[in-house]
Amino acid sequence: MKSNIPVYDIQNFSAYKNDGILVSRFGHYARQHQHLHHAHRHSFFHLVFFTKGSGKQQIDFKTFDVSPNMIYFMVPGQVHSWDFESEPDGYLINFSTSYFSSLLLKQEYLDKFNFFSGRPEEQVLFLDNATSEKITLIFEDILKEGETAKTINDDLVRVLLLRVFIEVARTTFSANHQELNPYNHTILKNFQQLIEQNFTKLRLPKQYAELLYITPNHLNALCNDFLATSAGKLIRDRILLEAKRLLINLDLRVSEIAEKLNFEDQSYFVKFFKKYEGTTPDKFRKQYITIS
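No experiment lies behind these values; they were computed from the predicted model shown.

Draft legend 1. Just the overall build of the protein, in detail. When its secondary structure is counted, the protein shows twelve helices and nine strands. In terms of C-alpha radius of gyration, the protein reaches 20 Å, essentially the compact-globule figure of 19 Å for 292 residues. On the principal axes, the C-alpha backbone points of the protein span a range of 60 × 50 × 35 Å. Taking all 292 residues of the protein together, 51% fall into the buried category. Of the contacts formed within the protein by residues at least 6 apart in sequence, a portion of 72% connects residues at least 24 apart. When the accessible surface of the protein is split by element, carbon and sulfur atoms take 49% of a total near 14,600 Å².

Structure follows, in structure tokens:
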């Protein structure tokens, strides 16, 4: 049984790595880093585009099928593992949180892409053949830049990587909420960012509605219309996700986790977790550590 879930920094890897980026063919990467098939976390952004292979993967405790033409994106801090049934291949890119800082005036630019939301159901995408062919050529251009004998042009790599993001977003989010209603889209994005910043302190939709200068009913209606869920559930889901991430750290007692999440006491945390997960924190911890 593992005592903890490892956290990897981009400097832990070798390949085409220059100023906070690593680019590799996925088959080589998967064979070279067998330990990454087990549950782990990253301190960097991570994306993989599969051109072959089958199996399963988990992102933040949610399971997805692996297949050709699938691309997924991950943000720092998420828990991840693979379980392949056949040999995979494709392209992998890891890049640091500061990689685009010298190119983009708007540091929150990546936030416009739904697949960097940190919500697994928006991060795993299946592309049509035309888009897959288009981004395959872009990935090959990025790899060629890393293989050249000349000095790597990082700005070119950044632009090519942004092209990947834009091409994927263009085909998978043709009915983008921002295009349909920029005002509502902005409110939802701000709400999600506020949850990320305050979920251990603010638990009620009305508290967030006050910060957004709208009514709780308006906030709940937006969440139901655009995300098919309630504002309260979005808040609870973020608390539960953090609880799961902390529970797989065996160095933390359940009472310490309850305190970190700002619950009144351990019993209240246990009741909350069991109500929405259907199991106790201890049982979740034992089950997850055993299977990972």
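Read on for the rest.
Draft legend 2. Summary view of the nonpolar core. By size, the foremost hydrophobic cluster in this structure holds 39 residues, and its most contacted members are Phe-191, Tyr-208, Leu-219, Leu-261 and Phe-269. Broken down by element, the residue count for this core peaks at nine residues, all from helix α9 (residues 231-247). In contact with Leu-261, other than residues within four places in its own chain, are Phe-199, Thr-200, Arg-203, Ile-239, Glu-242, Ala-243, Leu-246 and Phe-269.

Draft legend 3. Structural detail: unusual backbone geometry. One non-glycine residue, Asp-60, adopts positive backbone phi at about 50°. Mapped onto the fold, Asp-60 is located in the loop between β5 (45-59) and β6 (62-66). Located in the positive-phi region is Phe-61, a residue other than glycine, with phi close to 75°. Residue placement: Phe-61 occurs in the loop between β5 and β6. The class of Phe-61 is buried, set by a relative accessible area of 14%.

Draft legend 4. How the structure looks around helix α11 (residues 266-277). The terminal C-alpha atoms of α11, which comprises twelve residues, lie 16 Å apart, in line with the 16 Å expected from a rise of 1.5 Å per residue. Within the span of α11, buried status applies to Phe-269, Phe-272 and Phe-273. Taken around the axis of α11, the buried residues stretch over an arc of 95°, which confines them to a single face. Turned more than 90 degrees away from the buried face of α11, the exposed residues are Lys-271 and Lys-275.

Draft legend 5. Representation of the packing of aromatic side chains. Considering all chains together, one arrives at 34 aromatic pairs under this definition. Ring geometry for Phe-95 versus Phe-100: centroids 5.4 Å apart, planes at 85°, classification edge-to-face. Taken as a pair, Phe-95 and Phe-100 share a single burial class, namely buried. Look at Phe-263 and Phe-272: their rings are 5.2 Å apart centre to centre, the planes differ by 55°, and that puts the pair in the tilted class. Aromatic ring contacts, followed pair by pair, group Phe-45, Phe-73, Phe-95, Tyr-99, Phe-100, Tyr-109, Phe-113, Phe-115, Phe-116 and Phe-165 into a single cluster. The side chain of Lys-112 reaches across the aromatic face of Phe-113, ending 5.8 Å from its centre. Just above the ring of Phe-263 sits the side chain of Arg-203; from NZ or CZ to the centre is 4.4 Å.

About the cut-offs
- Sequence order as written defines residue numbering, which begins from 1 separately in each chain.
- Totals for whole chains, interfaces and linings use every residue, but because this is a predicted model, local features are given only for residues with pLDDT of at least 70 and side-chain atom pairs only at 80 or more, for both listing and counting.
- Side-chain measures were taken over the full set of non-hydrogen atoms in the model, leaving aside hydrogen atoms and water.
- The secondary structure listing takes helices from DSSP runs of H or I that are at least 4 residues long and strands from runs of E that are at least 2 residues long, numbered from the N terminus.
- Atoms considered for the radius of gyration are the C-alpha atoms alone. The globule rule reads 2.2 Å times the number of residues to the power 0.38.
- When a residue's accessible area, from a 1.4 Å probe over protein chains only, is under 20% of the maximum for its type it is buried; when over 50% it is exposed; and in between it is partly exposed.
- Two residues form a contact once any of their heavy atoms are found within 4.5 Å.
- Accessibility throughout is a Shrake-Rupley quantity obtained with a 1.4 Å probe, and a residue counts as covered only by protein chains that appear here.
- Throughout this description, the term nonpolar core refers to a set of buried Ala, Val, Leu, Ile, Met, Phe, Trp, Tyr and Cys residues connected via side-chain atoms within 4.5 Å.
- Between the first and last residue of a helix there are one fewer steps than residues, each counted as 1.5 Å, and that sum is the expected span.
- Directions from the helix axis toward the C-beta atoms define the arc.
- Centres within 6.5 Å are what make two rings of Phe, Tyr or Trp a pair, Trp counting through its six-membered ring; a difference in plane orientation under 30 degrees is then read as stacked, over 60 as edge-to-face, and the rest as tilted.
- In this scheme, the term charge over a ring applies when either NZ of a lysine or CZ of an arginine sits within 6 Å of the ring centre and within 35 degrees of the ring normal.

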